[in-house]
Amino acid sequence: MKKNSNIRDRFPLLNVKVNSSQLIYFDNAATTQKPKEVIDEITKYYQEENSNIHRGVHHLSQISTNNFEECRIKVQEFLNAQFSHEIIFTKGTTDSINLVSTCFQDELQKGDEIIISEMEHHSNIVPWQICCKKTGANLRVVRIDDRGNLDIKHFKKLLSNKTKIVAITHISNSLGTINPIKEIIQLSHDKNAQVLIDGAQAAAHITVDVQDLNVDFYCFSAHKLFGPTGVGVLYGKEKILNSLPPYQGGGEMIEKVELSKSTYAPLPHKFEAGTPNIAGVIAFKKSISLIKEIGLQEISSHEDKLLKYATKKLLQIEGLEIIGTSERKSAIISFNIKGIHHYDLGVLLDKMGVAIRTGHHCTQPVMNRFSIPGTARISFAYYNTFEEIDSCIIAINKAKKMLL
Ligand SMILES: *Cc1c(COP(=O)(O)O)cnc(C)c1O
């Protein structure tokens, strides 16, 4: 608690007023706030270092290239990847998944199968639907149970020698469920299928070790990890990345271009066509440093306490139901109150300075599974406090009185 009050001071937006109340920011699963050092680093880049990377021999270009590549090494360490060239910078999780699903089109044939789950974010559903349409592969979907757990028995049933790719989320952004991905990866490898894990909700909250997981692809977005928007990470095993065709063609990703044909640059540049979000990547280093400074252990432990406290308090509200009650849960709480539309609740909470998310959270199949149009969702980050939860509960009770 003392620790995190120091941290709060470093996030300028946590100290503003919204609708004349102190902001309570509980929409961290959509994006996290940014610490001052990340914001400052973006300014510093444009004021002192601005230049394109990898291409110039001049002083500024060397500085920005070094800073950019240093971030790659930071991410490599963060994920415990074997090589830094296994880290590809993308625009975000969505872009990382599209990269893999597009490059796999050459590898798939009619009748092959791709397995996803019912709890995926739309960005881990639609790219695979497009891929299936292009290749004639079939999409198989793992069911979830009433508590929001993956049905592992059903997964085992779906797995077969036809399975080529398994694409599953590490943590559900609408239910909070933490999936047993190590087991899923092992089971998939037993059938020679490759595994992509959508880590958008995991990387900022729990330790990810790609070598220990033995995962083939792991994706996440910097903006959900105190970093800038427009920066994402795709980790891929060296051997697999080398075997895939390039994603996009253009500058930076080539070795030699003739008008009739080109040869491609080695990893990671083969998958990084065009000028990337240089300022964003450089500033992202600062968010990883912040996470290291606090420690993922401390982050998980504090967020878990917030989750337990808020869950207990919320369940004391009459008519409130939580959707997603897995035993292994991240600090995300989706709920509905009997007789109240989630959207109306969200609007009234906003009037009292409390920012939550309402709707389907880009997981319409989850809403269909539970036969609801949407939920109100609270999601925590390390900088959130027990006092904020108390204020939020008071605000929910006020809103309830107004709406019922
Ligand atoms: C946010 C999120 C995404 C999409 O991330 P973008 O940064 O919008 O590309 C994908 N999957 C999950 C689980 C998410 O929470």
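Here we summarise the structure given alongside this text. (Residues numbered from 1 in each chain as written. Predicted model: local features only at pLDDT ≥ 70, side-chain atom pairs only at ≥ 80, totals over all residues. Heavy atoms only, no water.)

It is worth spelling out the side chain of E303 at this point. With respect to the element layout, E303 can be found in helix α11 (residues 296-315). Notably, E303 is buried but unbridged: the nearest opposite-charge side chain belongs to R8, and the N-O separation is 11 Å. Ignoring sequence-local partners within four residues, the contact set of E303 consists of H205, A331, F380, A381 and Y382. (Helix = DSSP H or I, 4+ residues; strand = E, 2+ residues; numbered from the N terminus. Buried < 20%, exposed > 50% of the residue type's maximum accessible area, 1.4 Å probe, protein only. Lys, Arg positive; Asp, Glu negative; His and termini not counted. Salt bridge = Lys/Arg side-chain N within 4 Å of Asp/Glu carboxyl O. Contact = heavy atoms within 4.5 Å.)

In this section: the pattern of salt bridges. Within this structure, the stated rule accounts for 22 salt bridges. As a salt-bridge pair, R357 and D27 come within 3.7 Å of each other at their nearest N and O atoms. Of the two residues, R357 sits in strand β16 (residues 357-359) while D27 sits in the loop between β3 (24-25) and α2 (36-49), which places them 330 residues apart along the sequence. Accessibility expressed as a relative area gives 34% for R357, which makes it partly exposed. A salt bridge links K237 to D216; its shortest N-O distance comes to 3.0 Å. A residue pair is termed long-range when its members are at least 10 positions apart, and K237 in the loop between β10 (232-236) and α9 (238-243) and D216 in the loop between α8 (210-213) and β9 (217-221) qualify at 21 residues. Residue classification places D216 among the buried residues on the basis of a relative accessible area of 4%. Here the salt bridges share partners, and the residues they tie into one network are R10, E37 and E293.

Strands sit in the order β13-β14-β17-β16 across an open sheet of four strands; the sheet is antiparallel. Strands with a single pairing partner mark the edges of an open sheet, and in this sheet they are β13 (320-323) and β16. Taking the axes of each pair of neighbouring strands and ignoring which way they run, one obtains an average angle of 30° across the sheet. Here four bridges tie β13 to strand β14 (residues 332-337), and the two strands are oriented antiparallel to one another. Within β14, the position partnered with L320 by the bridge is I337. Packing of helix α12 (residues 342-351) onto the sheet brings it into contact with β14, β16 and β17 (375-379), and relative to β16 it is tilted by some 155°. (Pairing = 2+ DSSP bridges. Axes fitted to C-alpha atoms, helices over the stretch in contact; angles between N-to-C directions.)

It is worth spelling out the site of the ligand at this point. As a structural note, the neighbourhood of the ligand is formed by 13 residues, with T94, D198, Q201, S221 and K224 the closest of them. Take Q201: an N or O atom from its side chain is 2.6 Å from an oxygen atom of the ligand. Contacts to the ligand include H223, whose side-chain N or O atom sits 2.8 Å from an oxygen atom. Coverage of the ligand by the protein chains reaches 86% of its 380 Å² of free accessible surface. For the shell around the ligand, a count of residues per class yields one nonpolar, ten polar and two charged. (Near = heavy atom within 4 Å. Polar contact = N/O pair within 3.5 Å; in protein donor to acceptor, adjacent residues only side chain to side chain. Areas by Shrake-Rupley, 256 points an atom, 1.4 Å probe, with all protein chains shown as cover. Nonpolar A, V, L, I, M, F, W, Y, C, P; charged D, E, K, R; others polar.)

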